[in-house]
Amino acid sequence: MSAIPYCDDVLDSSVSLFQLVDVAKNVGLPVSKVHQLLRDHKIIAVKRHGVLGVPEVFFGEDGQIVKWLPGLLAVLHDGGYTDVEILRWLFLADDSLPGRPVDALHGHLAREVIRRAQAMAF
């Protein structure tokens, strides 16, 4: 089995993270399947204080992965962006949205975030 992928923690310390066990509980999967979600680039983990975590904002109120996130990550990865670059973009405030792209994935601006990612990737 391959190593669990993660990237440097480039997020502000105020960004809350779920540990992988908590992700597993929320989405109703074994931790091994969460590891596979990371390998498949459906979610991104960072290592903070020696512990792997996934930003809480990647999940909806129902505990599931935000509908638009896996597709957005695929577009950006296919466009050559690294996990660190993706996280920086997702968590950077953008006045034209308004707010951060990651927050817009929870509302009516999700398609606009995807459109912008497609434009950036090509």
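Residues numbered from 1 in each chain as written. Predicted model: local features only at pLDDT ≥ 70, side-chain atom pairs only at ≥ 80, totals over all residues. Heavy atoms only, no water.

Per an unreviewed UniProt entry, the chain goes by the name Rv2175c family DNA-binding protein and belongs to Rhodococcus baikonurensis.

Between helix H1 (residues 20-27) and helix H2 (residues 31-39), the shortest axis-to-axis distance is 9 Å and the interhelical angle comes to 100°. With respect to H2, the axis of H1 lies roughly perpendicular. Listed contacts from H2 to Leu20, Val21, Val23 and Ala24 of H1 are Val31, Val34, His35 and Leu38. (Axes fitted to C-alpha atoms, helices over the stretch in contact; angles between N-to-C directions. Helix = DSSP H or I, 4+ residues; strand = E, 2+ residues; numbered from the N terminus. Parallel < 35°, antiparallel > 145°, perpendicular 65-115°, else oblique. Contact = heavy atoms within 4.5 Å.)

Moving on, we get to the environment of Val15. Within the element layout of this structure, Val15 appears in the loop between strand S1 (7-8) and strand S2 (17-19). In sequence terms Val15 and Pro55 are 40 residues apart; their C-alpha atoms lie 6.7 Å from each other. Excluding its chain neighbours within four sequence positions, the residues that come into contact with Val15 are Arg48, Pro55, Phe91 and Arg100.

This next bit is on the confidence of the model for the chain. Summing up the model confidence of the chain, the mean pLDDT is 95 and the portion of residues at 70 or higher is 98%. For the chain, per-element mean pLDDT is lowest for helix H6 (residues 110-121), which scores 92, and highest for S2, which scores 98. (pLDDT = per-residue confidence, 0-100.)

Moving on to empty space enclosed by the protein. Gaps between atoms show up when a probe of the same size as a water molecule is rolled over them. In total, this model carries one cavity of 30 Å³ or more according to the counting rule given. As for the largest cavity, its lining consists of Pro5, Tyr6, Leu38, His41, Ile43, Ile44, Ala45 and Asp83. A per-class count over the lining of the largest cavity returns six nonpolar, one polar and one charged. (1 Å grid on protein atoms, 1.4 Å probe; cavity = no way out; pocket = protein on both sides within 12 Å on 5 of 7 lines; lining within 4 Å. Points joined across faces, edges and corners; volume = space filled by probe spheres on them. Nonpolar A, V, L, I, M, F, W, Y, C, P; charged D, E, K, R; others polar.)

Given two aromatic rings, their pairing is described by the distance between the two centres and the angle made by the two planes. In the structure shown here, the tally under the stated rule is two aromatic pairs. Here Phe18 and Phe59 contribute two aromatic rings whose centre-to-centre distance is 5.6 Å and whose plane-to-plane angle is 65°, an arrangement assigned as edge-to-face. On the criterion of sequence distance, the pair formed by Phe18 in strand S2 and Phe59 in the loop between strand S4 (51-55) and helix H3 (69-78) is long-range, its members being 41 residues apart. Across this residue pair, the class does not change: Phe18 and Phe59 are buried. Arranged with centres 6.2 Å apart and planes meeting at 40°, the rings of Phe58 and Phe91 form a pair that is tilted. On the criterion of sequence distance, the pair formed by Phe58 in the loop between S4 and H3 and Phe91 in the loop between helix H4 (83-90) and helix H5 (101-104) is long-range, its members being 33 residues apart. Each member of the pair, Phe58 together with Phe91, is buried. (Phe/Tyr/Trp six-rings, centres within 6.5 Å; stacked < 30°, edge-to-face > 60°. Buried < 20%, exposed > 50% of the residue type's maximum accessible area, 1.4 Å probe, protein only.)

This part is about the packing of H3 against H4. Following both chains from N to C, one finds H3 and H4 inclined at 125°, their axes separated by 10 Å at the closest point. Looking at the two axes, H3 sits oblique to H4. Crossing of H3 against H4: the hand is right-handed. In this structure, H3 contributes Leu72, Leu73, Leu76 and His77 to the contact, and H4 contributes Asp83, Ile86, Trp89 and Leu90. Grouping the constituent residues of the contact of H3 with H4 by class yields six nonpolar, one polar and one charged. (Left-handed = near helix turned anticlockwise from the far one by under 90°.)

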